[in-house]
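Chain and residue survey
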Amino acid sequence: MSYKIAALGGDGIGPEVVAEAMKVLDAVRHRYGHVFEWGTGPVGGAAIDEFGTALPEATFDVVRQSDAVLFGAVGGPKWDDPRAKVRPEQGILALRKSLGLFANLRPVRMYPQLAHSSPLRPERLKGVDLIIIRELTGGLYFGKPKKRWETSRGRRAVDTLSYTEKEIERVVRVGFELARKRRRKLHSLDKMNVMESSRLWREIATEVGKEYPDVQLIHMLADNAAMQLVLSPAQFDVIVTENTFGDILSDEASILGGSMGMLPSASLSSLPTADSSKPRKSSPALYEPIHGSAPDIAGKGIANPIAAILSAAMMLRWSFGLHTEADAIEHAVDGVLAEGYRTRDIAAPGERTVGTTDMGDIIAGRVV
Ligand code: IPM
Ligand code: MG
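The structure reproduced in this document is the subject of the present report.

Definitions and cut-offs
- Residues numbered from 1 in each chain as written.
- Chains lettered and ligands numbered in written order.
- Predicted model: local features only at pLDDT ≥ 70, side-chain atom pairs only at ≥ 80, totals over all residues.
- Heavy atoms only, no water.
- Helix = DSSP H or I, 4+ residues; strand = E, 2+ residues; numbered from the N terminus.
- Rg over C-alpha atoms; globule rule 2.2 N^0.38 Å.
- Buried < 20%, exposed > 50% of the residue type's maximum accessible area, 1.4 Å probe, protein only.
- Areas by Shrake-Rupley, 256 points an atom, 1.4 Å probe, with all protein chains shown as cover.
- Lys, Arg positive; Asp, Glu negative; His and termini not counted.
- Charge placed at Lys NZ, Arg CZ, Asp CG, Glu CD.
- 1 Å grid on protein atoms, 1.4 Å probe; cavity = no way out; pocket = protein on both sides within 12 Å on 5 of 7 lines; lining within 4 Å.
- Points joined across faces, edges and corners; volume = space filled by probe spheres on them.
- Nonpolar A, V, L, I, M, F, W, Y, C, P; charged D, E, K, R; others polar.
- Domains from an automatic or database assignment.
- Pairing = 2+ DSSP bridges.
- Axes fitted to C-alpha atoms, helices over the stretch in contact; angles between N-to-C directions.
- Contact = heavy atoms within 4.5 Å.
- Near = heavy atom within 4 Å.
- Polar contact = N/O pair within 3.5 Å; in protein donor to acceptor, adjacent residues only side chain to side chain.
- Core = buried A, V, L, I, M, F, W, Y, C linked by side-chain atoms within 4.5 Å.

Quick notes on the overall build of the protein
Across its full length, the protein holds 12 helices and 12 strands. Computed over C-alpha atoms, the radius of gyration of the protein comes to 20 Å, within 12% of the 21 Å expected from 2.2 N^0.38 for 368 residues, which places it in the range of a compact globule. Burial statistics for the protein: of 368 residues in total, 52% are counted as buried. Accessible surface computed for the protein: about 15900 Å², of which carbon and sulfur atoms make up 55%. Averaged over its 46 positive side-chain charges, the protein has a centre that lies 3 Å from the centre of its 46 negative ones.

Here it is, written out as structure tokens:
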């Protein structure tokens, strides 16, 4: 089969880690005989510098013609003026919104080999295997009004947390469907003690839950969940929550495993149907590491490419239905970690480290 992939590196370490994910997909091509056709284009700060916009039309055209998007990261101090009209982050936000990618899957796995880089004690990490489903095209990120203005008493700004019934229903449903394939436990996080939108969220989650009597639905306040995630993370299986809560809690959850550099994500507009071997007819899904552009280490060749590489594995699994090939990448990562290869972020004191491209080479070499 032939698959078209838009590889958008973006800013900072984004292009460095995406290059390694492409390298690993090239190894998959060699081994399994698929054809990956690559497209690319500027996005984020790099696009602002060149075209004055974070998502140029030409880049979006490439995306539209692709079966999936492999995304790096956007942003950096150069574009961080809070008064700027254009921001790098608009690139990724516009992609998510215009492709209708409402369900963001962020799996958190423990690698026993990396237990030392976790801030938590090993006994707390036992059995941790959870997935956060972050609602991605609504909530506080996109509600209107969203603006700032001058008043007679000074400057004022507003963001709006708004959801329709349909927006909540479809993402909660993704939560139930995933839970059904896993340990049948769904935590729905909200702030229903404070927010009207959360009360609607909880009501709808309960209603949808009636269709899934085999899944245990647990409502939890998001602030409590932030605490529970470090206190006893193994209690969670699938978590579903609002855009901003999911953004914050997934950063928190990512360090359970030791480093943000390990966490991939998939942003989907629907769950694949049973016959996912056929290329999707819907809009392309997007795959990206949850980490940012890390400007402090950009260009040094020391970034951890594993989150991007595991995002490529998620692409094979969720967009192309290539489960054997996705497994091959994940096993390669496991193997390389077991053999003791480490980038700086996951190295124990005194442990030898490898750079970004070496890590990519080594993982690509283990794809069998
Ligand atoms: C993420 C990032 C983005 C977000 C930024 C870069 C806009 O933090 O993917 O988690 O806030 O969604
Ligand atoms: Mg984030």
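Now that the structure has been shown, we can carry on.
Observations regarding the layout of surface pockets
Reported here for the largest pocket is a volume of approximately 810 Å³. Class assignment for the residues of the lining of the largest pocket results in 9 nonpolar, 2 polar and 10 charged. Of the residues that make up the lining of the largest pocket, three or more belong to each of domain 1 (1-109 + 260-368) and domain 2 (119-257). For the second largest pocket, the calculated volume is near 600 Å³. Taken together, 26 residues make up the lining of the second largest pocket; nearest its centre are Pro-107, Met-314, Arg-317, Trp-318 and Glu-330. Elements that contribute at least two residues to the lining of the second largest pocket include exactly β4 (103-109), β5 (129-135), α6 (165-181), α10 (306-318) and α11 (323-338). It is α10 that contributes the most residues to the lining of the second largest pocket, 4 residues altogether. Both of domain 1 (1-109 + 260-368) and domain 2 (119-257) provide at least three residues apiece to the lining of the second largest pocket.

What about the sheet that holds β5?
Taken together, the 10 strands give an open sheet; going across it, the order is β2-β1-β3-β12-β11-β4-β5-β10-β8-β9, and neighbouring strands pair in mixed fashion. For this open sheet the edge positions go to β2 (35-39) and β9 (216-221), each flanked by a neighbour on one side alone. Direction aside, neighbouring strands of the sheet carry axes that sit 25° apart on average. Running at roughly 150° to β5, helix α9 (residues 243-254) makes contact with β4, β5, β8 (185-190) and β10 (238-241) of the sheet.

Concerning the site of ligand 1
Taken together, the residues surrounding ligand 1 are Glu-89, Arg-96, Arg-106, Arg-134, Tyr-141 and Asp-247. Between ligand 1 and the protein, one listed contact pairs an oxygen atom with a side-chain N or O atom of Arg-106 at 2.9 Å. Tyr-141 has a polar side-chain atom sitting 2.5 Å from an oxygen atom of ligand 1. In isolation ligand 1 exposes 320 Å². Once the protein is present, 77% of that is buried. Looking at side-chain class alone, the shell around ligand 1 contains 1 nonpolar, no polar and 5 charged residues. Shared between two domains, the shell around ligand 1 takes at least three residues from each, and those domains are domain 1 (1-109 + 260-368) and domain 2 (119-257).

Describing unusual backbone geometry
Residue Pro-145 follows Lys-144 across a cis peptide bond; omega there is 0°. Its identity as a non-glycine residue notwithstanding, Arg-184 has a phi of 60°, on the positive side. Take Arg-184: it is sitting in the loop between α6 and β8. Residue class for Arg-184 comes out partly exposed when judged on its relative accessible area of 37%. The phi dihedral of Ala-294 is positive, around 40°, even though this residue is not glycine.

Focus on the nonpolar core
Membership of the largest hydrophobic core comes to 71 residues, with the highest contact counts inside it found for Leu-105 and Tyr-287. When residues in this core are grouped by element, the largest group, 10 residues, is from α10. Split by domain, this core shows at least three residues from each of two domains, domain 1 (1-109 + 260-368) and domain 2 (119-257). Contact partners of Leu-105, with chain neighbours within four places excluded, come to Ile-131, Ile-132, Ile-133, Val-174, Leu-178, Pro-264, Ser-265, Ala-266, Leu-268, Met-314 and Trp-318. The next biggest cluster of nonpolar side chains, apart from the first, holds 20 residues, and it includes Leu-189, Ala-225, Leu-229 and Phe-236.

On their own, these measurements won't tell you what the molecule is for.
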